[in-house]
Amino acid sequence: MISVGIDSGSATTKAVLVIDGRIAANNIRPTGFDFLSAAKNGYEDALTNAGIDKKDVNGIYATGYGRNSIKFADKAVSEITAHTMGVYHLYPAVNGIIDIGGQDSKIISVSDGKVTDFLMNDKCAAGTGKFLEYTAKALEVPIEELGSLALVSKEPASITSMCTVFAESEVISLRARGFKKEDIAAGLIESIARRVAVMVRQVGLKQNVAFVGGVAKNAGIKVFLEKELNISLYVPPEPQITGALGAALYGVSKKVK
Amino acid sequence: MTHFEATCFETLDYIKNSYSARICQLEEEKKAGKKIVGTLCLFVPDEIIFAAGADRVILCGGKNDAVSIAEQYLPRNICPLIKSSFGSIVNNGYSGVKSCSHFGLVDMVVAENTCDSKKKTYELMGDYVPTYVLDLPQKPEGPAAVKYFLEELNKFKGIMEELTGNKVTVEQLKKEIISSNETRKLLHRLYDLRKREYPPISGLDMIKVMQKQYVLSAEDFKEALRTLINEAEQTRADSIAGSKDEFTHRPRIMISGCPMPGGSTKVPEIIENRGGLIVVEESCTGTRSFWDLVDENKDPMTALAERYIKIPCSCMTPNDRRIDNILELAREFKVDGVVNYTLQFCHGYNIERYKVQQALKNAGIPVLSIETDYSDSDVEQIGLRVDAFMEMLS
Ligand code: SF4
Ligand code: SF4
């Protein structure tokens with residue numbers, strides 16, 4: 001059984017090729033303006049990497065923000081279900097998932113691989129990848145370095161604004177007041193961790209929690225989030241692809257074609 | 001997901017197309033000297049208005065277009081329902097903005113002290129249309145509340161007599177109570193049909209029917225309900241869209257929360273287009289409007305006070321009655337999940353969400369909370385949550 005999952009996210013498009021329940025190839029690329037061609041190219045690259053011919057693929061399953069516009073997919077599934085299936089495959093003991101993506105953060109409560117409850121941030125970038133992206137820019141630090149920079153801070157600055165736009169001006173004023181870069185970075189990450197932690201407590205996640213999504217690649221966030229929640233989080237080696245993986249597995253489980 | 005194609009009863013078309021006919025009717029009534037009263041909330045008893053020989057239209061607004069007009073006067077962060085109503089009243093059908101024409105036809109608005117946003121807005125509304133505010137005790141339990149509300153209703157009766165020049169008699173009140181109870185009973189019958197495994201009417205259609213209550217005259221609404229029930233009862237229990245294979249797995253959903261006045265059907269549309277089937281609405285545009293009858297054997301004013309003060313609105317404290325009602329409805333209508341629907345900046349229902357969620361969780365009923373306004377900007381986000389909720393339920 002060869003199945004492909006495509007996670008068409010607002011920032012990046014992920015494709016995962018699964019052969020008999022095993023990841024054979026994956027591809028991550030920026031989504032850009034054209035959802036469809038990003039999905040198509042990601043799909044084709046994954047096939048080439050695995051040396052699989054298109055005609056041997058049994059099913060293509062889409063998830064993510066652009067899931068309904070991926071016309072060549074056989075079926076679409078929500079990110080909530082997809083991430084849950086993907087994460088459950090990697091860590092069968094999970095009870096909860098924190099997924100922080102480009103535009104959304106999702107908290108999912110899981111029991112035996114099934115979603116039992118979930119919460120998403122509302123129409124607002126607070127607590128998402130976008131928040132980090134904008135504030136990192138104001139700090140003039142590449143987003144990839146924000147986390148490691150934050151980890152060297154001894155005295156995180158306090159960022160009080162939840163709103164991305166206002167947090168950006170807060171960063172600028174902290175800079176003007178002579179705060180150290182690492183302390184501002186730590187303040188930013190602390191603020192996102194606090195925000196996410198509120199949601200985690202609302203859903204009631206306590207242990208065996210996985211952290212996935214693009215933002216999970218940022219080691220600093222994981223550390224701050226763990227401190228805030230007082231638990232240790234599972235982060236898969238490639239936390240960005242669990243949605244695409246789950247979509248591919250969804251196809252296998254439903255045998256939908 | 002295929003679109004929900006439920007029933008197509010003739011009455012449904014009639015109800016949906018009744019809007020302009022009603023405007024002509026109101027204009028005729030006005031010419032004949034009848035007074036038209038606008039209301040914005042369930043707490044104002046229709047029976048008293050009708051007994052005084054006036055007609056009433058419900059002015060709760062659901063259209064997004066009038067919101068920006070209101071924002072010239074009102075803070076942005078109050079609920080869209082109030083902004084839409086106020087915008088329509090201020091606009092009075094003049095500018096090119098789409099708003100309900102009924103707003104320009106009323107002789108008086110009878111408002112009520114419920115949530116803060118409403119009562120403060122009513123103070124501004126008086127500049128545009130004569131506005132009378134009915135006071136409500138905020139702690140509805142116990143005889144003192146009924147006594148206070150009864151006094152308020154008596155004052156209100158006096159206002160109606162003054163407006164119309166007609167005396168409100170006990171006989172007339174009794175007649176109106178019986179008549180309004182009939183409407184309530186008809187709605188109960190219609191809702192009973194939705195308890196079936198294959199309800200003959202979709203939630204979206206039902207909500208549109210409930211919204212028409214806002215504009216149809218009481219008599220026309222009743223007549224429409226009667227024919228609708230006849231048509232619906234005659235359909236074979238399994239001959240509806242429900243018998244189609246893809247339909248059989250639709251999770252049964254209850255919507256609970258803020259009113260959905262005419263013009264706002266965004267969330268029910270999303271739910272039913274993405275695989276759900278709404279079987280009951282715990283809402284002012286749903287059960288809250290008709291669930292309890294007025295006691296026909298008591299002194300009519302007391303009976304009215306007792307019935308109306310019991311409406312489980314989040315303006316009241318405590319409001320445990322609503323929680324009990326939600327659990328009872330969930331059982332009766334065999335719902336698989338509840339969508340807790342609230343309007344942005346409606347603090348009452350938004351705060352009450354926590355209690356609702358806890359109660360449902362304890363009862364083992366999954367719940368999805370959606371907070372939204374009348375704009376279309378969040379259709380995709382809501383769609384994603386609803387998709388995930390449906391996947392979770394099936
Ligand atoms: S929610 Fe409360 S205040 Fe608003 S219309 Fe309903 S009963 Fe009235
Ligand atoms: S109770 Fe809520 S929805 Fe009703 S008018 Fe007040 S704020 Fe708006």
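Per-chain numbering applies: the sequence of each chain, read as written, is numbered from 1 onward. As they are written, the chains are lettered A onward and the ligands numbered 1 onward, keeping that order. A pLDDT threshold of at least 70 governs which residues receive local features in this predicted model, and a stricter bar of 80 or more applies before side-chain atom pairs are shown or counted, although totals over entire chains, interfaces and linings include all residues. Calculated side-chain values reflect all of the structure's heavy atoms, with hydrogen atoms and water omitted.

- Under an unreviewed UniProt entry, chain B has the name 2-hydroxyglutaryl-CoA dehydratase, D-component and belongs to Methanosarcina horonobensis HB-1 = JCM 15518.
- UniProt positions are given in the numbering used here, feature names are shortened, and annotations may be inferred rather than shown by experiment. We quote the UniProt Sequence similarities (unreviewed entry) comment for chain B here in full: "Belongs to the FldB/FldC dehydratase alpha/beta subunit family."

- Going by the annotation in an unreviewed UniProt entry, the name recorded for chain A is Benzoyl-CoA reductase subunit BadG, with Methanosarcina horonobensis HB-1 = JCM 15518 given as the source organism.
- The heading Cofactor (unreviewed entry) in the UniProt record of chain A holds the text "[4Fe-4S] cluster".

**Details of the overall build of chain A**
Then, in step 1: Secondary structure summary: chain A contains eight helices and 10 strands in total.
Then, in step 2: A compact globule built from 257 residues would reach a C-alpha radius of gyration of about 18 Å, and chain A, at 19 Å, matches this within 12%.
Then, in step 3: Taking the principal axes of its C-alpha atoms as reference, chain A extends roughly 60 × 35 × 30 Å.
Then, in step 4: A simple rule labels every residue: compare its accessible area, found with a 1.4 Å probe on the protein chains alone, to the largest value its type can have, and call it buried under 20%, exposed over 50%, or partly exposed in between. By the burial criterion, 53% of the 257 residues in chain A qualify as buried.
Then, in step 5: Taking the intrachain contacts of chain A between residues at least 6 apart in sequence as the baseline, contacts between residues at least 24 apart amount to 65%.
Then, in step 6: Summed over all atoms, the accessible surface of chain A reaches about 11,100 Å², with 52% contributed by carbon and sulfur. Helix and strand definitions follow DSSP, with helices as H or I runs of at least four residues and strands as E runs of at least two, each counted in order from the N terminus. Atoms counted for the radius of gyration: C-alpha only. Globule rule: 2.2 Å times the number of residues to the power 0.38. It only takes one pair of heavy atoms within 4.5 Å for two residues to be counted as in contact. Note on areas: Shrake-Rupley, 1.4 Å probe, and residue coverage restricted to the protein chains presented here.

**Things to note about the site of ligand 2**
Then, in step 1: What surrounds ligand 2 is the set C79, I82, C115, K118, C258, L343 and C346 of chain B.
Then, in step 2: Residue classes in the shell around ligand 2 are distributed as six nonpolar, no polar and one charged. Proximity criterion: a residue is near a molecule or strand once any of its heavy atoms comes within 4 Å of it. Gly falls in the polar group here, along with every residue not listed as nonpolar (Ala, Val, Leu, Ile, Met, Phe, Trp, Tyr, Cys, Pro) or charged (Asp, Glu, Lys, Arg).

**Structural notes on the sheet that holds strand β5 (residues 252-257) of chain B**
All names here are of chain B.
Then, in step 1: In space, the four strands of this open sheet follow the order β6-β5-β7-β8, with parallel pairing throughout. Two strands lie at the open edges of the sheet, namely β6 (277-282) and β8 (367-372), each paired on one side alone. Along the sheet, successive strands turn relative to each other by an average axial angle of 25°, direction set aside.
Then, in step 2: Across five bridges, the pairing between β5 and β6 is parallel. Looking at the pairing, I255 lines up with E281 of β6.
Then, in step 3: Each axis is a line fitted through C-alpha atoms, taken for helices only over the stretch in contact, and angles between the N-to-C directions span 0 to 180 degrees. Lying over the sheet, helix α12 (residues 266-273) contacts β5, β6, β7 (337-343) and β8, oriented at roughly 150° with respect to β6. By this definition, two strands are paired if DSSP reports at least two bridges between them.

**Focus on the environment of T11 of chain B**
Residue and element names in this part refer to chain B.
Then, in step 1: Mapped onto the elements of the fold, T11 is located in helix α1 (residues 10-16).
Then, in step 2: Exposure remark for T11: the relative accessible area of 7% places this residue in the buried category.
Then, in step 3: Sequence separation of T11 and N325 is 314 residues, and the distance between their C-alpha atoms is 30 Å.
Then, in step 4: Among residues more than four places away in sequence, those in contact with T11 are A224, T227, L228 and E231.

**Here we look at the pairing of β8 of chain B**
All names here are of chain B.
Then, in step 1: Where β7 lies against β8, six bridges are found, and the strand directions are parallel. Bridged to V339 within β8 is L368.
Then, in step 2: Seen with its strands pointing away from the viewer, a crossover is right-handed when the path leading from the first strand over the helix to the second is clockwise. Remark: the β7/helix α15 (residues 347-362)/β8 crossover connection has right-handed handedness.

**Side note on the packing of helix α4 (residues 143-151) of chain A against helix α6 (residues 181-203) of chain A**
Residue and element names in this part refer to chain A.
Then, in step 1: With their axes 8 Å apart at the nearest point, α4 and α6 run at an angle of 105° to one another. For the element pair α4 / α6, the angle class is roughly perpendicular. Together, L146, G147, L149 and A150 of α4 and K181, E182, A185, A186 and I189 of α6 make up the contact between the two elements.
Then, in step 2: Looking at the contact of α4 with α6, its residues break down into six nonpolar, one polar and two charged. Angles are sorted into four bins: roughly parallel if under 35 degrees, roughly antiparallel if over 145, roughly perpendicular if 65 to 115, and oblique for all others.

**Examining the packing of aromatic side chains**
Then, in step 1: Note on aromatic contacts: the rings of Phe and Tyr and the six-membered ring of Trp form a pair at centre separations within 6.5 Å, being stacked when their planes are under 30 degrees apart, edge-to-face when over 60 apart, and tilted otherwise. Summed over all chains, the structure comprises 10 aromatic pairs over all chains.
Then, in step 2: Between the aromatic rings of Y43 of chain A and F72 of chain A, the centroid separation amounts to 5.6 Å while the plane-to-plane angle is 35°, which identifies the pairing as tilted. On the criterion of sequence distance, the pair formed by Y43 of chain A in helix α1 (residues 35-50) and F72 of chain A in the loop between β4 (59-63) and β5 (75-76) is long-range, its members being 29 residues apart.
Then, in step 3: For Y43 of chain A, a relative accessible area of 5% gives the class buried.
Then, in step 4: Relative to Y128 of chain B, the ring of Y73 of chain B has its centre 6.1 Å away and its plane inclined at 85°; by these criteria the two rings are edge-to-face.

**Remarks on unusual backbone geometry**
Then, in step 1: Residue T317 of chain B is joined to P318 of chain B through a cis peptide bond whose omega torsion reads -10°.
Then, in step 2: The residue P318 of chain B is located in the loop between α13 (300-309) and α14 (320-332) in this model.
Then, in step 3: Positive phi values are uncommon outside glycine, yet E140 of chain A reaches one of about 60°.
Then, in step 4: If you check the backbone angles, N208 of chain A has positive phi at about 50° while not being a glycine.
Then, in step 5: With respect to the secondary-structure elements, N208 of chain A resides in the loop between α6 and β9 (209-212).

**Here's the deal with the domain arrangement of chain A**
Residue and element names in this part refer to chain A.
Then, in step 1: According to the domain assignment, chain A contains domain 1 (1-91 + 241-257) and domain 2 (93-235).
Then, in step 2: The split into domains, and so the bounds of each, comes from an automatic or database assignment of domains. For domain 1 versus domain 2, the distance between C-alpha centres works out to 26 Å.
Then, in step 3: Facing 12 residues of domain 1, the contacting portion of domain 2 comprises 20 residues.
Then, in step 4: Note on definitions: buried area is the accessible-area loss of two parts on being combined, 1.4 Å probe, summed for both. Summed over both partners, the interface of domain 1 with domain 2 buries about 1,300 Å², with 72% contributed by carbon and sulfur atoms.
Then, in step 5: The largest per-residue losses of area from domain 1 upon contact with domain 2 belong to I80, T84 and Y91, which jointly make up 46% of the total buried on that side.
Then, in step 6: The rule for a salt bridge is simple: a side-chain nitrogen of Lys or Arg has to be within 4 Å of a carboxyl oxygen of Asp or Glu. Where domain 1 touches domain 2, the interface holds zero salt bridges.
Then, in step 7: Any pair of N or O atoms that falls within 3.5 Å is considered a polar contact. Within protein, one atom must be able to donate a hydrogen and the other to accept it, and sequence-neighbouring residues count only if both atoms are side-chain atoms. In this assembly, domain 1 and domain 2 are joined by four residue pairs in polar contact (both at pLDDT 80 or more).
Then, in step 8: Element by element, the count of residues in the side of domain 1 that touches domain 2 is highest for helix α2 (residues 79-90), at seven residues.

**Details of the site of ligand 1**
Then, in step 1: Looking at ligand 1, the residues that line it are L40, C41, L42, F43, T114, K118, P259, C284, C313, C315 and Y349 of chain B.
Then, in step 2: For the shell around ligand 1, the per-class residue count stands at nine nonpolar, one polar and one charged.

**Topic: the pattern of salt bridges**
Pairing between side chains of opposite charge can happen when their charged atoms approach one another.
Then, in step 1: Across all of its chains, the model carries 39 salt bridges over all chains by this definition.
Then, in step 2: For K222 of chain A, the salt bridge goes to E226 of chain A, with nearest N and O atoms at 3.2 Å. In this pair, K222 of chain A and E226 of chain A both sit in helix α7 (residues 219-229), four residues apart, roughly one turn of the helix.
Then, in step 3: Given the relative accessible area of 25%, K222 of chain A is considered partly exposed.
Then, in step 4: Between D116 of chain B and K119 of chain B there is a salt bridge whose closest N-O contact spans 3.6 Å. On the criterion of helical spacing, the pair formed by D116 of chain B and K119 of chain B is a turn pair, its members being three residues apart in helix α6 (residues 116-125).

**Here's the deal with the interface of chain A and chain B**
Then, in step 1: Between chain A and chain B, the residue contacts involve 18 residues of the former and 18 residues of the latter.
Then, in step 2: In total, about 1,400 Å² of surface goes out of reach between chain A and chain B, with carbon and sulfur atoms giving 49% of it.
Then, in step 3: Taken together, the links from chain A to chain B amount to two salt bridges.
Then, in step 4: A salt bridge links R67 of chain A to D387 of chain B; the nearest nitrogen and oxygen atoms lie 2.7 Å apart.
Then, in step 5: Counting across the chain A and chain B interface gives five residue pairs in polar contact (both at pLDDT 80 or more).
Then, in step 6: Breaking the side of chain A that touches chain B down by element, the ones donating at least two residues are α2 and β8 (114-120) of chain A.
Then, in step 7: Residue contributions to the side of chain A that touches chain B peak at five residues, all from β8 of chain A.
Then, in step 8: Along the lines of polarity and charge, the residues of the side of chain A that touches chain B split into five nonpolar, six polar and seven charged.

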